[in-house]
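Per-entry structural report
Chain by chain, the residues run as shown.
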Amino acid sequence: LGLRASVFATLADKIRHPPAGFLPLHIGDTCLPPPEAARLDRLDWSRAPNPYPYSHPAGLPELLEHLAGRLAEVWGFQGMVPERLQITCGATHALSCAARTVLNPGDEVLILAPFWPLIPGVLSSAGLVAVQVPFSDRLYADPGCSVVDLLAPYLSARTAALYFASPNNPDGKVLSRGQVEALAEFALRHDLWVFSDEVYQDYVYDGRSHLSIASLPDMAERTLAVFSFSKSYGLAGARVGYVAGPADVMGHLRRVANHSVYNVSAAMQYVALQALRHGQAFLEEARRTYLEARRLLVEGLAGARFPLPEGGAYLWLELDSEEAAWELVDRALQQGLALAPGEAFGRDYKHCLRLCFTAAPPAEVARAAAILRPLLGLG
Ligand SMILES: Cc1ncc(COP(=O)(O)O)c(C=O)c1O
């Protein structure tokens, strides 16, 4: 299948015995507890669906209705109805179902790099070929550069789809309207499916806004957009995500989902529903907390090389070489700070490192920056 052990496994070996005050900035996590209404000890279980038997494989009807309404009202999805949604075991399962539904083994998928580390394996385990396209680092370096020029060299007769995340993991790039439109035009011209990873849609900073490619003209028919409660509401352990797609493929996607997990835990879907109903204050508090953490990290690392993250949860540091990056990982670990090595995020990024600024409270993130400054030679 071409599935390789992740660098996170190597890292986990090195972190067997974390010291007191350990700073786990290598993983994509949040320091915040989920919205109060969604916590297991606060839920009114008398109103919850019976969690013990199998539940409807598409998802809880009430959750599907809420999500369809939100996608239509907040994110501009035209004609969104519950029938065009499938609840999945996180966005990971959503992407796996999407790829297995519309593609055939041997098809190539352009994955815009640097990328979320699991995507190559999600695709290769479905018999697909992930083709890495250096992308958002190029856009940071030159916001005016042509999206089509970046993609075109990687097209082949077997290219069938395009995968990208905005905001992006690991570099926080939020695509502008013009860039999303250019991707849409490219997909239309070359008749590609689009897997639009929108799991960080709620975390976009500095007055920018999130634009779903599925909301652009003629794109709903060729886009499978994936979302997650993991990032939006700090519910990664609940494993609830969803995928929105064109009506005519959702029947098949449902069968793929049914044959992989049957139904997602009804108890956890109820947790997600409660987060959705009552989570507005959480979203606002999380944005404030993450922005403060980003500010402290960016200030603390002034003089280092990184783009200002435009959204999401990560800062993407550039070093001089792969050796320098691994040396920094090791030296930071000795001081109780874990960072994610760049090689997890694409072939061309072994000299980079990712720090998650949402995984610890802002003051702890500032402490991480203080540990890193001398290691980066910043004095
Ligand atoms: C860009 C991106 N997509 C998908 C996922 C997977 O999310 P989930 O926990 O919903 O499977 C992550 C998790 O880190 C992510 O960063």
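Here goes a summary of the coordinates provided.

Reading the values: rules and limits
- Residues numbered from 1 in each chain as written.
- Predicted model: local features only at pLDDT ≥ 70, side-chain atom pairs only at ≥ 80, totals over all residues.
- Heavy atoms only, no water.
- Helix = DSSP H or I, 4+ residues; strand = E, 2+ residues; numbered from the N terminus.
- Polar contact = N/O pair within 3.5 Å; in protein donor to acceptor, adjacent residues only side chain to side chain.
- Contact = heavy atoms within 4.5 Å.
- Salt bridge = Lys/Arg side-chain N within 4 Å of Asp/Glu carboxyl O.
- Buried < 20%, exposed > 50% of the residue type's maximum accessible area, 1.4 Å probe, protein only.
- 1 Å grid on protein atoms, 1.4 Å probe; cavity = no way out; pocket = protein on both sides within 12 Å on 5 of 7 lines; lining within 4 Å.
- Points joined across faces, edges and corners; volume = space filled by probe spheres on them.
- Nonpolar A, V, L, I, M, F, W, Y, C, P; charged D, E, K, R; others polar.
- Near = heavy atom within 4 Å.
- Areas by Shrake-Rupley, 256 points an atom, 1.4 Å probe, with all protein chains shown as cover.
- Pairing = 2+ DSSP bridges.
- Axes fitted to C-alpha atoms, helices over the stretch in contact; angles between N-to-C directions.
- Disulfide = S-S within 2.5 Å.

The next thing to look at is the environment of Asp-107. Structurally, the position occupied by Asp-107 is in the loop between α3 (90-102) and β3 (108-113). Between the C-alpha atoms of Asp-107 and Val-249, which are 142 residues apart in sequence, the distance is 18 Å. A polar side-chain atom of Asp-107 sits 2.8 Å from the main-chain amide nitrogen of Asn-104.

Among the secondary structure elements, Ser-212 is positioned in the loop between β6 (193-197) and β7 (223-228). A polar contact is formed between the side chain of Ser-212 and the side chain of Glu-198, at a distance of 2.7 Å. When near neighbours in sequence (up to four residues on either side) are disregarded, Ser-212 contacts Trp-75, Phe-77 and Glu-198.

What follows covers the pattern of salt bridges. Counted by the stated rule, this structure contains 22 salt bridges. In this structure, the salt-bridge partner of Asp-206 is Arg-294, at a minimum N-O distance of 2.8 Å. Of this pair, Asp-206 sits in the loop between β6 and β7 while Arg-294 sits in helix α11 (residues 280-300), placing them 88 residues apart in sequence. Using a relative accessible area of 46% as the deciding quantity, one classes Asp-206 as partly exposed. When the shortest N-O distance is used, the salt bridge between Glu-299 and Arg-295 registers 2.9 Å. Of this pair, Glu-299 and Arg-295 both sit in helix α11, four residues apart, which is roughly one turn of that helix.

Moving on, we get to empty space enclosed by the protein. Under the defined criterion, the tally for this structure stands at five cavities of 30 Å³ or more. In terms of lining residues, the largest cavity is bounded by Leu-112, Ala-113, Pro-114, Phe-135, Ser-136, Phe-164, Ala-165, Asn-168, Lys-173 and Leu-175. Sorting the residues of the lining of the largest cavity by element identifies β3 and β5 (159-165) as the ones contributing at least two each. By volume, the second largest cavity amounts to about 40 Å³. Secondary structure elements with two or more residues in the lining of the second largest cavity: β7 and α8 (229-232). Residue classes in the lining of the second largest cavity are distributed as five nonpolar, three polar and two charged.

So, about unusual backbone geometry. When glycine is set aside, most residues are seen to have a negative phi, and most peptide bonds are trans. In the segment running from Ala-113 into Pro-114, the intervening peptide bond is cis, with an omega of -5 degrees. Assignment of secondary structure puts Pro-114 in the loop between β3 and α4 (119-124). Across the junction of Ser-166 and Pro-167, the peptide omega takes the value -5 degrees, indicating a cis bond. Looking at the secondary structure, you find Pro-167 in the loop between β5 and α7 (177-189). Located in the positive-phi region is Asp-191, a residue other than glycine, with phi close to 55 degrees. Turning to its location among the elements, Asp-191 is positioned in the loop between α7 and β6.

Turning to the site of the ligand, a few remarks are in order. All residues in the neighbourhood of the ligand are listed as Gly-90, Ala-91, Thr-92, Trp-116, Asn-169, Asp-197, Val-199, Tyr-200, Ser-228, Ser-230, Lys-231 and Arg-239. Tyr-200 is positioned such that a nitrogen or oxygen atom in its side chain is 2.7 Å from an oxygen atom of the ligand. Between the ligand and Lys-231 there is a distance of 2.9 Å, counted from an oxygen atom to a side-chain nitrogen or oxygen. Taken by itself the ligand offers 400 Å² of open surface, and the protein chains cover 92% of this.

Moving on, we get to the pairing of strand β8 (residues 241-244). Burial along β8 is two-sided: the face carrying Gly-241 and Val-243 and the face carrying Tyr-242 and Ala-244 are both buried. Pairing analysis gives four bridges linking strand β2 (residues 85-88) to β8, with the strands arranged antiparallel. Of the residues in β8, the one forming a bridge with Thr-88 is Gly-241. In terms of strand pairing, β7 meets β8 through four bridges, oriented antiparallel. Among the inter-strand pairings, Ser-228 is bridged to a residue of β8, identified as Gly-241.

Working definition: the strands of a sheet are paired by backbone hydrogen bonds and lie parallel or antiparallel to each other. Strand order in this open sheet of seven strands is β2-β8-β7-β6-β5-β3-β4, and the pairing throughout is mixed. The two strands at the open ends of the sheet, each matched to only one other strand, are β2 and β4 (129-134). The mean angle between the axes of side-by-side strands here comes to 20 degrees, regardless of whether they run parallel or antiparallel. Against the sheet, α3 makes contact with β2, β5, β6, β7 and β8, and its axis sits at roughly 165 degrees relative to β7, the strand it touches most.

Counting across every chain of the model gives zero disulfides. You can see Cys-31 has no disulfide; the closest cysteine sulfur is in Cys-356, sitting 8.8 Å from it. Cys-352 forms no disulfide, and the closest cysteine sulfur to it belongs to Cys-145, at a distance of 17 Å.

Everything listed here is a matter of geometry and, on its own, says nothing about what the molecule does.
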